[in-house]
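Listed here are the chains, written in short residue letters.
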Amino acid sequence: MTELTPRVFVDFDGTITRIDVGNSFFRKFGDERASLKAVAKWKAGELSGSDLLIEEAKHVSVSREGAIAFCSTCELDPGFKAFFSFCNEQGIELKILSDGLDFYISEILEQNDLSVIPYYSNKAKFNSHSLEVELPYASECHKCANCKGYQILTQTGPDDLIVYVGNGFSDRCAVQYADIVFAKDELLKYCEENNITYFPFSDFNEVLSRFSAILKSGRFKKRHRAELKRREAYLAE
Ligand SMILES: [Mg+2]
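In this numbering scheme, every chain counts its residues from 1 along its sequence in written order. Reporting of local features is limited, given that this is a predicted model, to residues whose pLDDT is at least 70; pairs of side-chain atoms are given and counted only at 80 or more, and all residues count toward the totals for whole chains, interfaces and linings. Only hydrogens and water are set aside; all other atoms, that is, all heavy atoms of the structure, feed into the side-chain values.

Asker: Explanation requested: unusual backbone geometry in the structure shown.
Answerer: Across residues other than glycine, the phi torsion is negative in most instances, and most of the peptide bonds are trans. The backbone of Asp 113 shows a phi angle near 55 degrees, a positive value even though the residue is not glycine. Along the chain, the position of Asp 113 falls in the loop between helix 6 (102-111) and strand 3 (119-127). The phi dihedral of Asp 185 falls on the positive side, at around 50 degrees, and the residue is not glycine. Secondary-structure assignment places Asp 185 in helix 9 (residues 185-193). To qualify as a helix, a DSSP run of H or I must reach at least 4 residues; to qualify as a strand, a run of E must reach at least 2; elements of each kind are numbered from the N terminus.

Asker: Sorry if this is basic, but what is going on with the packing of aromatic side chains here?
Answerer: Two measures describe an aromatic ring pair: the distance that separates the ring centres and the angle between the ring planes. Stacked, tilted and edge-to-face are the three classes applied to pairs of Phe, Tyr and Trp rings, where Trp contributes its six-membered ring and a pair requires centres within 6.5 Å; stacked means planes under 30 degrees apart, edge-to-face means over 60, and tilted covers the rest. Scanning all chains against the criterion turns up 16 aromatic pairs. For the ring pair Phe 29 and Phe 70, a centre distance of 5.7 Å and an interplane angle of 90 degrees mean the geometry is edge-to-face. Linking Phe 29 in helix 1 (residues 21-29) with Phe 70 in helix 4 (residues 64-71), this pair joins segments that are 41 residues apart in sequence. Residue Phe 29 shares its accessibility class with Phe 70, and that shared class is buried. Between the aromatic rings of Phe 86 and Phe 211, the centroid separation amounts to 6.2 Å while the plane-to-plane angle is 75 degrees, which identifies the pairing as edge-to-face. Linking Phe 86 in helix 5 (residues 80-89) with Phe 211 in helix 10 (residues 204-217), this pair joins segments that are 125 residues apart in sequence. Across the pair, Phe 211 and Phe 86 agree in class, each one buried. Classification of residues uses two cut-offs on accessible area relative to the type maximum, computed with a 1.4 Å probe and protein chains only: under 20% is buried, over 50% is exposed, and between them is partly exposed.

Asker: Sorry, what's going on with the state of the cysteines here?
Answerer: A disulfide bridge is the covalent bond that connects two cysteines by way of their sulfur atoms. Note on disulfides: each one is a pair of cysteine sulfur atoms within 2.5 Å. Taken as a whole, this structure holds 0 disulfides when the rule is applied. Cysteine Cys 87 remains unbridged, with the sulfur of Cys 191 as its closest cysteine sulfur at 19 Å. With no disulfide of its own, Cys 191 lies 12 Å from the sulfur of Cys 173, the closest cysteine sulfur. By relative accessible area, Cys 191 is classed as buried at 1%.

Asker: Would you explain the sheet that holds strand 4 (residues 130-134) in this entry?
Answerer: Strands belonging to one sheet form pairs held by backbone hydrogen bonds; the direction of such a pair is parallel or antiparallel. Strands were regarded as paired on the criterion that DSSP finds at least two bridges between them. Strand order in the open sheet formed by 7 strands is 4-3-2-1-5-6-7, with mixed pairing between adjacent strands. This sheet does not close on itself; its edge strands, each paired only once, are strand 4 and strand 7 (199-200). Pairing of strand 2 (residues 93-101) with strand 3 involves 3 bridges; the strand directions are parallel. From the neighbouring strand, Leu 101 faces strand 3, where its bridge partner is Asn 122. Helix 9 contacts strand 5 (160-166), strand 6 (180-183) and strand 7 of the sheet and is inclined by roughly 130 degrees relative to strand 6. Whether two residues touch is decided by their heavy atoms; if any such pair falls within 4.5 Å, the residues are in contact. Every axis corresponds to a line fitted to the C-alpha atoms, with the helix fit spanning only the stretch in contact, and the corresponding angles, defined between N-to-C directions, vary from 0 to 180 degrees.

Asker: I keep staring at the nonpolar core and nothing clicks. Help me out?
Answerer: One recurring pattern in soluble globular proteins is that nonpolar side chains are buried together. Only buried residues count toward a nonpolar core, which is a set of Ala, Val, Leu, Ile, Met, Phe, Trp, Tyr and Cys residues joined through side-chain atoms within 4.5 Å. Counting residues in hydrophobic clusters, the biggest one holds 52 residues, and the most contacted among them are Phe 25, Phe 80, Phe 83, Phe 103 and Phe 211. Residue contributions to this core peak at 6 residues, all from helix 10. Among residues more than four places away in sequence, those in contact with Phe 211 are Pro 6, Val 8, Phe 83, Phe 86, Cys 87, Ile 92, Val 163 and Phe 182. Phe 9, Tyr 120, Ile 152 and Cys 191 belong to the second-largest nonpolar core, a separate cluster that totals 18 residues.

Asker: Looking at this structure, how should I read the coordination of the magnesium ion?
Answerer: Metal coordination angles have textbook ideals: 109.5 degrees for a tetrahedral set of four donors and 90 or 180 degrees for an octahedral set of six. Keep in mind that water is not among the atoms, so a site may look incomplete; donors are the N, O and S atoms within 2.8 Å of the metal, or 3.2 Å for Na, K and Ca. In the first shell of the magnesium ion, the protein supplies Asp 11 (OD), Asp 13 (O) and Asn 167 (OD1), at 2.2 Å from the metal. Along the chain, the residues donating to the magnesium ion fall in the pattern D-x1-D-x153-N. Its relative accessible area of 7% is what places Asp 13 among the buried residues.

Asker: Quick question: what am I supposed to make of the pairing of strand 1 (residues 5-10) here?
Answerer: Here is the key point about a regular strand: its side chains alternate between the two faces of the sheet. When you tally the buried positions in strand 1, you get 5 out of 6 residues, the bulk of the element. Sheet topology note: the strand 1/strand 2 ladder contains 4 bridges and is parallel. Paired with Arg 7 across the bridge in strand 2 is Glu 93.

As structure tokens, this is what we get:
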């Protein structure tokens, strides 16, 4: 049997950071009511992920400097650095997949000496006091602006063991293709409702202890339904 290579993908907002930075940013510098309404419509399937971001961004009034200053108030999950170090020591690749915006991800990673981590997200362009979003990965999936499921499919191969850690609504497409899922909050509920096997967690210290135990045991395999879904997606191309 071919040996599987674990590949770790992690959500950013509310998973690596304690709070959802994107939501807080749009509420603070945009129109909170419009933002809440748009998010509700997106969750109801009435608004695409791309349209949600465009709608939220259009109300934003802040300079790039003001937005960057806001980032310094956002704390990391208490165990994330240790988890990242563990993956590094084991030679396991870790990537961030986010349906949020690049400026706060890169700033928060830099503030925490983690700039080395690759991330895939939507992009923000500041024009004086307004914000324009660019969607370099907009795919056929209308739920997401940057579809994490699509990212996983295009970045992994048949010998990879896909590990996913997330907390929210924008992780739905990712978990269907993941072999090992760590979930909390809304994502946990989603996994429950859709019979997706997952490990619950409250912070990365728990993810680290469970993940290292799984690796140590050597007893890990592809999740059958995830493998079928991946195969279906490749065939549909
Ligand atoms: Mg999240």
